[in-house]
Amino acid sequence: MLNAIEVILICLVAQAALTDLAMRKIPNVLILSGLMLALILHLLSGQPGASVSLWLAGGCAGFFLFLPLYLARGMAAGDVKLMAMTGAFVGPWQALQIAALSALVGGVMALLMLLFSGRWRESARNLRLICQPLLWRLLGVPLAPVPLPPSASVGGIPYGVAIALGTLGVVAWQHQ
């Protein structure tokens, strides 16, 4: 049986996924209300100090797990904030599990989108342009990073869907 925290989390990530599909944005009001709901539910569920630390550690874990992807321009800020909100509900260990499953789901989504759009060549070119300077730097050759122009993108992924499916998967796995 799902508890209140899990039910509300599933409702929030489902709403975020639907909004991400429809508008390609995850509203800040959804994230902020989710963070506040998580804090209130944790405070009502038991020991105040332990629940606040679980809320804070989970939120930070979720945020910092996806922050590098945002900094590399591989993910939107709304997706990072959604993962932080999800982590605030479940804590750091489950945030790590959800992030890992979301990455797998997001990878499958990306491959399917590339398959159906037929933009494999552009994607391979972009990957080469991004990775080549990194590889040269690993070999000791000092190079400046080569930014891709914004028009080089082969498409965006509604990553809120991947996070929602990852959350559903981890919650469902716990209740087997």
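Below, the structure is looked at part by part. (Residues numbered from 1 in each chain as written. Predicted model: local features only at pLDDT ≥ 70, side-chain atom pairs only at ≥ 80, totals over all residues. Heavy atoms only, no water.)

1. A closer look at a nonpolar patch on the surface
Okay, step 1: A surface patch of nonpolar side chains, amounting to about 660 Å² of accessible area, comprises Val-108, Leu-111, Leu-112, Leu-115, Phe-116 and Trp-120.
Okay, step 2: If one sorts the elements of the nonpolar patch by residue count, helix α5 (residues 92-117) sits on top with 5 residues.
Okay, step 3: Mapped onto the elements, Trp-120 comes out in helix α6 (residues 120-138).
Okay, step 4: Looking at Trp-120, the relative accessible area reads 43%, which means it is partly exposed. (Patch = residues over 30% accessible without salt bridge, like charges linked within 9 Å, V, L, I, M, F, W, Y side chains within 5 Å. Areas by Shrake-Rupley, 256 points an atom, 1.4 Å probe, with all protein chains shown as cover. Salt bridge = Lys/Arg side-chain N within 4 Å of Asp/Glu carboxyl O. Helix = DSSP H or I, 4+ residues; strand = E, 2+ residues; numbered from the N terminus. Buried < 20%, exposed > 50% of the residue type's maximum accessible area, 1.4 Å probe, protein only.)

2. Examining helix α4 (residues 77-90)
Okay, step 1: Taking 1.5 Å of rise per residue, 14 residues should cover 20 Å, and α4 covers 20 Å from first to last C-alpha, within 8% of that figure.
Okay, step 2: Most of α4 sits out of view: 12 of its 14 residues are buried.
Okay, step 3: Residues of α4 that are buried include every one of Gly-78, Asp-79, Val-80, Leu-82, Met-83, Ala-84, Met-85, Thr-86, Gly-87, Ala-88, Phe-89 and Val-90, and no others.
Okay, step 4: Just downstream of α4 lies Gly-91, where phi reads positive at about 95°. (Expected span 1.5 Å × (residues − 1).)

3. Points about the environment of Leu-138
Okay, step 1: Here Leu-138 is to be found in helix α6.
Okay, step 2: Residues Leu-138 and Ile-8, 130 residues apart in the sequence, show an inter-C-alpha distance of 45 Å.

4. Remarks on the side chain of Asp-20
Okay, step 1: On the secondary structure map, Asp-20 appears in helix α1 (residues 4-23).
Okay, step 2: Comment: no salt bridge for buried Asp-20; closest opposite-charge side chain is Arg-24, at 5.3 Å.
Okay, step 3: A polar contact is formed between the side chain of Asp-20 and the backbone nitrogen of Gly-160, at a distance of 2.7 Å. (Lys, Arg positive; Asp, Glu negative; His and termini not counted. Polar contact = N/O pair within 3.5 Å; in protein donor to acceptor, adjacent residues only side chain to side chain.)

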